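Spelled out, the chains give:
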Amino acid sequence: MGFLRRLFSRKPPDDGPPAPGRWVRPPDPPPPDPVIPGPLAEKLAPFWRTGWLAEAEDGDGETTASKFSGLAHIPKGESWPRCGSCDKPMQLFVQLNAKDLPEGARELHPEGILQFFYCTDPESMCDVDCEGWRPFSKASLARVVTEGSGELISASPVKDAFPAKSITGWKTVEELPNWEEAQYTLGIELDDSDLKALEGINSLNPGEKLGGWPYWIQGVEYPDCPKCGEPMGLVFQVDSDQNLPFLFGDLGVGHITRCKRHPEVLGFGWACT
Ligand SMILES: [Zn+2]
Ligand SMILES: [Zn+2]
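Visitor: Give me the lowdown on the coordination of the zinc ion (ligand 1), citing residues and values where you can.
Guide: In the first shell of the zinc ion (ligand 1), the protein supplies C83 (SG), C86 (SG), C119 (SG) and C126 (SG), at 2.3 to 2.4 Å from the metal. One way to put it: the 4 donor atoms around the zinc ion (ligand 1) meet at angles of 106 to 114°, and that makes the site tetrahedral. Counting along the primary sequence, the residues that act as donors to the zinc ion (ligand 1) give the motif C-x2-C-x32-C-x6-C.

Visitor: Talk me through the sheet that holds strand 5 (residues 140–145); I want residue IDs and the actual numbers.
Guide: Across the sheet, which stays open at both edges, the 10 strands sit in the order 5-4-3-2-6-1-7-8-9-10 with antiparallel pairing between neighbours. Since the sheet does not close on itself, it has two edges, and those belong to strand 5 and strand 10 (266–271), each with one partner.

Visitor: Before we move on, can you summarise the coordination of the zinc ion (ligand 2) with the specific residues and values?
Guide: By definition of the ideal shapes, four donors in a tetrahedron about a metal sit 109.5 degrees apart, and six donors in an octahedron sit 90 or 180 degrees apart. Bound to the zinc ion (ligand 2) on the protein side are C225 (SG), C228 (SG), C259 (SG) and H262 (ND1), at distances that span 2.1 to 2.4 Å. One way to put it: the 4 donor atoms around the zinc ion (ligand 2) meet at angles of 106 to 114°, and that makes the site tetrahedral. Mapping the donors of the zinc ion (ligand 2) onto the primary sequence gives the spacing C-x2-C-x30-C-x2-H. Classification of C225 as buried rests on a relative accessible area of 3%. On the basis of relative accessibility, which here comes to 23%, the residue C228 falls in the partly exposed class.

Visitor: Residues and numbers for the confidence of the model for the protein chain, please.
Guide: When pLDDT is averaged along the protein chain, the result is 89, and 88% of the positions lie at 70 or above. Counting contacts from residues 1–13, a segment whose pLDDT is below 50, to residues more than four positions away or on other chains yields 20 contacts.

Visitor: Quick one: what's the story with the side chain of Q237, residue by residue and with numbers?
Guide: With respect to the helices and strands, Q237 occurs in strand 8 (residues 233–239). A polar contact of 2.9 Å, which involves the side chain of Q237, links it to the backbone oxygen of G207. Beyond its immediate chain neighbours, meaning those up to four positions away, Q237 contacts N205, P206, G207, E208, K209, W213, P214, Y215, V253, G254 and H255.

Visitor: Tell me about unusual backbone geometry, and please be specific about residues and values.
Guide: Backbone geometry places D241, a non-glycine residue, at a positive phi of 55°. On the secondary structure map, D241 appears in the loop between strand 8 and strand 9 (253–258). Look at D241 and you get partly exposed, because its relative accessible area is 47%. One non-glycine residue with positive phi stands out, namely L251, at about 55°. Looking at the secondary structure, you find L251 in the loop between strand 8 and strand 9. Relative accessible area serves as the criterion here: at 31%, L251 is assigned to the partly exposed category.

Visitor: Describe the pattern of salt bridges, listing the residues and the values that go with them.
Guide: A full pass over the atoms with the stated rule returns 10 salt bridges. A salt bridge links D121 to K88; the shortest N-O distance between them is 3.1 Å. Within this pair, whereas D121 is found in the loop between strand 4 (113–118) and helix 3 (126–129), its partner K88 is found in the loop between strand 2 (67–68) and strand 3 (91–97), the two being separated by 33 residues in sequence. For K227, the salt bridge is made with E264, and the minimal N-O distance between the two is 2.7 Å. Here the residue K227 occupies a position in the loop between strand 7 (209–211) and strand 8, and E264 occupies one in the loop between strand 9 and strand 10, the gap between them amounting to 37 residues. One network of salt bridges, with partners in common, ties together K88, D121, E123 and K159.

Visitor: Which residues make up the nonpolar core, and what values do they have?
Guide: By size, the foremost hydrophobic cluster in this structure holds 28 residues, and its most contacted members are F93, L210, F236 and V238. Leaving out residues up to four positions away in the same chain, F93 has contacts with K67, F68, S69, F116, F117, Y118, T120, F162, V238, L244, F246 and F248. Within the second largest apolar cluster, 13 residues are counted, among which are A72, L92, F117 and A139.

Cut-offs used in this document
Residues numbered from 1 in each chain as written. Chains lettered and ligands numbered in written order. Predicted model: local features only at pLDDT ≥ 70, side-chain atom pairs only at ≥ 80, totals over all residues. Heavy atoms only, no water. Donors = N, O, S within 2.8 Å, 3.2 Å for Na, K, Ca; no water. Tetrahedral: all angles 85-135°; square planar, octahedral: opposite > 155°, others 65-115°. Pairing = 2+ DSSP bridges. Helix = DSSP H or I, 4+ residues; strand = E, 2+ residues; numbered from the N terminus. Buried < 20%, exposed > 50% of the residue type's maximum accessible area, 1.4 Å probe, protein only. pLDDT = per-residue confidence, 0-100. Contact = heavy atoms within 4.5 Å. Polar contact = N/O pair within 3.5 Å; in protein donor to acceptor, adjacent residues only side chain to side chain. Salt bridge = Lys/Arg side-chain N within 4 Å of Asp/Glu carboxyl O. Core = buried A, V, L, I, M, F, W, Y, C linked by side-chain atoms within 4.5 Å.

Right, here's the structure in full:
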């Protein structure tokens, strides 16, 4: 089901402008908003959550800016993070400056610059050898650095660095958890008719987003905080081939998570079908 939903949620490739004189089928009207039956709507009401889809355009900004790839903010005296396995500089996937986040998202990342690096070195297979899908792998790093003075960097030390994209804004979305998370993690009692109704309500967004509910490809996979053992919460979702030219396995989706009690503990994991 998750796989099918994923297939059909992707945009078809753009065929370019139609040839002159060719009949063009008018675009399909947007689907009607799904109507959630009353009793189910009541059960789900407390679980609506706001998410923010990242809007980005080509090009890098300041080293402290929010972005995909490009030049990271490296605190003075430190060097660009290296892979714990091959020791090569890791690719910057995402950087989020707390100052650039929408008002309602502040509690997800209140201050500093959040960074997520992942080893994509073409000569090594670190993401396979070090189980890059697993949080706290040696081939990835999720962290927050302070926005103090930084090292002067004029070029990325990463081999085949991805083209930079600047995050220019956020599109607000309202989301519900998927049925599995609703039923088994949140303990919402759902009967067969509720589950059937939920199938028709696609309230979860793939793509790159801040907050909201995770778009799980397999089961619910919040990692446990290594300090307190409590499940960590979603901060940011990273998708395959959206703002980064990279596939997590077969169109997988990854999640940057954080412990609520230990805000310095961040993790990243991904899953694919
Ligand atoms: Zn590596
Ligand atoms: Zn913790």
